[in-house]
Amino acid sequence: MNNDIAISELSREYPGIEGFYFLSARGELGYVAVDGQAWVKELFPQMEDQEFLARHPRFLEELRQFTHDLKVLKLHYMESFETDIELGYLRTTAEDEFPWHCATLVLNKDVVETLCSDYDALLTRGIKDPSETLADSESLQELRGIHHGFDDLANHQDNFGTYHYFPLLFYWPLSMRAGVRGLKPDVETAPMRVLNLLWRPALSGSADGGGANVYGSSATVIEVLRENLVSRGAIDRNRRVENRFSID
């Protein structure tokens with residue numbers, strides 16, 4: 001991790017980031033330990049699990065593709081600051097008085113619009129139960145706690161069952177952003193950005209921006225990462241405000 005970042009300080013400033021995936025300035029994938037004291041590199045122990053590899057014979061090939069794609073994402077973001085890569089950013093608890101008592105996720109408006117559009121399509125096709133509207137309306141807001149928001153993003157599927165988002169933290173320390181041209185103005189006040197791990201560059205000749213639908217070669221790897229969020233307790237429905245009997 002970048003030496004200018006004190007992980008324990010970030011955990012205090014942005015409570016709730018523990019366990020979620022965090023991209024280092026070197027382009028390595030890791031996460032903040034549960035105790036909030038260290039950044040841990042993702043080593044993918046499944047590479048040595050013969051039973052897992054027998055069930056997923058293309059996993060190693062997918063992992064190589066995923067590693068390549070991650071480097072592409074990092075280079076595009078840090079060299080071109082391509083806005084399609086960003087899903088939003090985090091605000092500290094000091095800035096807000098929301099009931100979730102953790103860092104606040106602020107989603108980009110185009111992401112919220114896509115979530116709403118997908119939700120309406122699911123209702124139209126009868127896939128979504130209208131009785132779930134209250135819970136879903138909370139998920140379609142621009143602001144929500146990090147646990148709620150990252151859970152919704154990582155598990156969101158459009159009406160064709162395709163995943164488009166996987167939230168990835170990236171921090172711009174002062175030493176890194178000093179003198180850099182092209183950064184969005186709000187990076188100065190909100191340096192903890194949320195990137196889309198499923199972002200891919202547009203295919204040559206495509207009018208669309210980057211998106212998860214461009215490649216699908218790392219589906220098993222992404223599923224492993226999604227399961228890791230649950231096993232580490234980063235995604236835990238009991239931590240979401242709407243599932244608590246009382247708010248501490």
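In case you missed it, the structure is sitting above this.
An account of the accompanying structure is given in this report. Keep in mind that this is a model prediction, so the values were computed, not measured. (Residues numbered from 1 in each chain as written. Predicted model: local features only at pLDDT ≥ 70, side-chain atom pairs only at ≥ 80, totals over all residues. Heavy atoms only, no water.)

Points about the overall build of the protein
Phase 1 of the analysis: In terms of regular secondary structure, the protein is built from 8 helices and 8 strands.
Phase 2 of the analysis: Counting over 248 residues, the protein shows a buried share of 47%.
Phase 3 of the analysis: Counting only contacts in the protein whose residues sit at least 6 apart along the sequence, the fraction spanning at least 24 positions is 63%.
Phase 4 of the analysis: For the protein, the exposed area adds up to about 12800 Å²; of that, 50% sits on carbon and sulfur atoms. (Helix = DSSP H or I, 4+ residues; strand = E, 2+ residues; numbered from the N terminus. Buried < 20%, exposed > 50% of the residue type's maximum accessible area, 1.4 Å probe, protein only. Contact = heavy atoms within 4.5 Å. Areas by Shrake-Rupley, 256 points an atom, 1.4 Å probe, with all protein chains shown as cover.)

A short note on the nonpolar core
Phase 1 of the analysis: Ranked by size, the top nonpolar core spans 63 residues in total, and within it Ile 17 and Leu 90 carry the most contacts.
Phase 2 of the analysis: If you tally residues by element for this core, the top one is helix α3 (residues 59-80), at 7 residues.
Phase 3 of the analysis: Here Ile 17 is in contact with Leu 10, Ser 11, Phe 22, Val 32, Leu 90, Ile 146, Leu 169 and Met 192, once residues within four sequence places are set aside. (Core = buried A, V, L, I, M, F, W, Y, C linked by side-chain atoms within 4.5 Å.)

Regarding empty space enclosed by the protein
Over the atoms a probe the size of a water molecule is rolled, and this reveals where empty space is left.
Phase 1 of the analysis: Going through the model one piece at a time under the given rule, you end up with 1 cavity of 30 Å³ or more.
Phase 2 of the analysis: In this structure, the largest cavity encloses a volume near 40 Å³.
Phase 3 of the analysis: If you go around the largest cavity, the residues you meet are Tyr 77, Phe 81, Glu 82, Thr 83, Glu 86, Leu 183, Lys 184 and Val 187.
Phase 4 of the analysis: Its residues assigned to classes, the lining of the largest cavity comprises 4 nonpolar, 1 polar and 3 charged. (1 Å grid on protein atoms, 1.4 Å probe; cavity = no way out; pocket = protein on both sides within 12 Å on 5 of 7 lines; lining within 4 Å. Points joined across faces, edges and corners; volume = space filled by probe spheres on them. Nonpolar A, V, L, I, M, F, W, Y, C, P; charged D, E, K, R; others polar.)

Observations regarding unusual backbone geometry
Phase 1 of the analysis: Phi at Phe 44 is positive, roughly 50°, even though this residue is not glycine.
Phase 2 of the analysis: As for its placement among the helices and strands, Phe 44 is situated in the loop between β3 (39-41) and α2 (50-55).
Phase 3 of the analysis: You can call Phe 44 buried: its relative accessible area is 7%.

Some details on the packing of α3 against helix α8 (residues 219-231)
Phase 1 of the analysis: Close contact between α3 and α8 brings their axes to 8 Å; oriented N to C, the two are set at 85°. As judged from the angle between their axes, α3 and α8 are roughly perpendicular. Counting all contacts with α3, which are made through Phe 59, Glu 62, Leu 63 and Phe 66, the residues of α8 involved are Ala 219, Thr 220, Val 221, Ile 222, Val 224 and Leu 225. (Axes fitted to C-alpha atoms, helices over the stretch in contact; angles between N-to-C directions. Parallel < 35°, antiparallel > 145°, perpendicular 65-115°, else oblique.)

Here we look at the pattern of salt bridges
Side-chain pairs of opposite charge can arise where the charged atoms are in close proximity.
Phase 1 of the analysis: With the rule as written, the count across this model stands at 12 salt bridges.
Phase 2 of the analysis: Measuring nitrogen to oxygen at the nearest pair gives 3.9 Å for the salt bridge that ties Glu 42 to Arg 232. Of this pair, Glu 42 sits in the loop between β3 and α2 while Arg 232 is found in the segment after α8, placing the two residues 190 residues apart along the sequence.
Phase 3 of the analysis: On the basis of relative accessible area, Glu 42 is assigned to the buried category, the value being 10%. (Salt bridge = Lys/Arg side-chain N within 4 Å of Asp/Glu carboxyl O.)

With respect to the pairing of strand β5 (residues 104-107)
Phase 1 of the analysis: Residues Thr 104 and Val 106 of β5 are buried on one face, and the alternating residues Leu 105 and Leu 107, pointing to the opposite face, are buried as well.
Phase 2 of the analysis: Bridging between strand β4 (residues 86-91) and β5 involves 4 bridges; their strand directions are antiparallel. Its bridge partner lying in β5, Leu 90 is registered against Leu 105.
Phase 3 of the analysis: Judged from the 3 bridges that link them, β5 and strand β6 (residues 143-145) form a sheet pairing that is antiparallel. In the sheet register, Thr 104 faces β6, and the bridge partner there is Gly 145. (Pairing = 2+ DSSP bridges.)

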